[in-house]
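Working through the structure, step by step
Given next are the chains, with one letter for each unit.
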Amino acid sequence: MSVTLLLAYVGTALFLPLMPGPGLLYIAGRTLAAGPSDGVASCIGTAVGGFLHVVAGAIGVSALLTTSAEAFLLLKFLGGAYLIFLGTQAWRSAGPPAAPKFSPDRRTLSKAFRQGVFVEATNPKTAAFFLALIPQFLDPSKPTRPAVLRK
């Protein structure tokens, strides 16, 4: 990969997390509700979920999702249903307004991480974005599969 192409890729990769979407809203909500530690765990979870999209794009799953209207619609509904589920849970557990007490707990951090992964992994906009982005940085004259998978 040339230096120019690498810089373009790094610039794009740094800009992507700043675009508002379900992941960013989830991180903000989790941070406001449970504190900075849960916010960081959520952020790491959404990064892992985004990485799953990169892997899916590299092996062709994203292409399948964008060419199959049914698969894309299923992913959209799954992601939307999960966000509604999280919102309903937050609404039901909300008590009277009080000063927030932020005490990092390993269980809540783990939960924030897992939810972050799922929120980002079920985001169809991310799948479509990576399908459009990743090929721009691949050299078609070079093999993209690991040597172990080549015959």
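One can find the structure itself at the top, above this paragraph.
Residues numbered from 1 in each chain as written. Predicted model: local features only at pLDDT ≥ 70, side-chain atom pairs only at ≥ 80, totals over all residues. Heavy atoms only, no water.

**Brief notes about the nonpolar core**
For the record, the criterion: Residue types Ala, Val, Leu, Ile, Met, Phe, Trp, Tyr and Cys, when buried and joined through side-chain atoms within 4.5 Å, form a set referred to as a nonpolar core. For each residue, the accessible area found with a 1.4 Å probe, counting protein chains only, is set against the maximum for its type, and the residue is called buried under 20%, exposed over 50%, and partly exposed in between. For helices the rule is a DSSP run of H or I covering at least 4 residues; for strands it is a run of E covering at least 2, with both sets numbered from the N terminus onward. Should any heavy atoms of two residues lie within 4.5 Å, those residues are counted as being in contact.
Of all hydrophobic cores here, the largest spans six residues; its members are Y26, A41, Y82, L86, A112 and V119. Of all the elements in the fold, those that place two or more residues in this core are α5 (69-93) and α6 (106-121). Ignoring sequence-local partners within four residues, the contact set of Y26 consists of S42, L86, K111, A112, Q115, G116 and V119.

**Here we look at the packing of helix α3 (residues 36-59) against α6**
Which entries qualify depends on this criterion: Simply put, an axis is a line fit to the C-alpha atoms, just over the touching stretch for a helix, and the angle between two N-to-C directions goes from 0 to 180 degrees. Handedness of each helix crossing follows the sense of rotation of the near helix against the far helix: counterclockwise by less than a right angle gives left-handed, clockwise gives right-handed. Three classes are used, and their members are as follows: Ala, Val, Leu, Ile, Met, Phe, Trp, Tyr, Cys and Pro are nonpolar, Asp, Glu, Lys and Arg are charged, and the others, Gly among them, are polar.
Remark: α3 packs on α6, axes separated minimally by 7 Å, with the N-to-C direction vectors making an angle of 35°. In this structure, the crossing between α3 and α6 has a hand that is right-handed. Two secondary-structure elements touch here, α3 through S37, D38, A41, S42, I44, G45, T46, V48, G49, G50, L52 and H53 and α6 through T108, L109, A112, F113, G116, V117, E120 and A121. By residue class, the composition of the contact of α3 with α6 is nine nonpolar, nine polar and two charged.

**Overview of the side chain of N123**
Here N123 is to be found in the loop between α6 and α7 (124-133). Sequence-distant contacts of N123, defined by excluding residues within four places in its chain, comprise P22 and H53.

**Here's the deal with the side chain of E120**
For E120, the position within the fold is in helix α6. By relative accessible area, E120 is classed as buried at 12%. For E120, the contacting residues outside a window of four places in its chain are G23, T46, G49, G50, H53 and T126.

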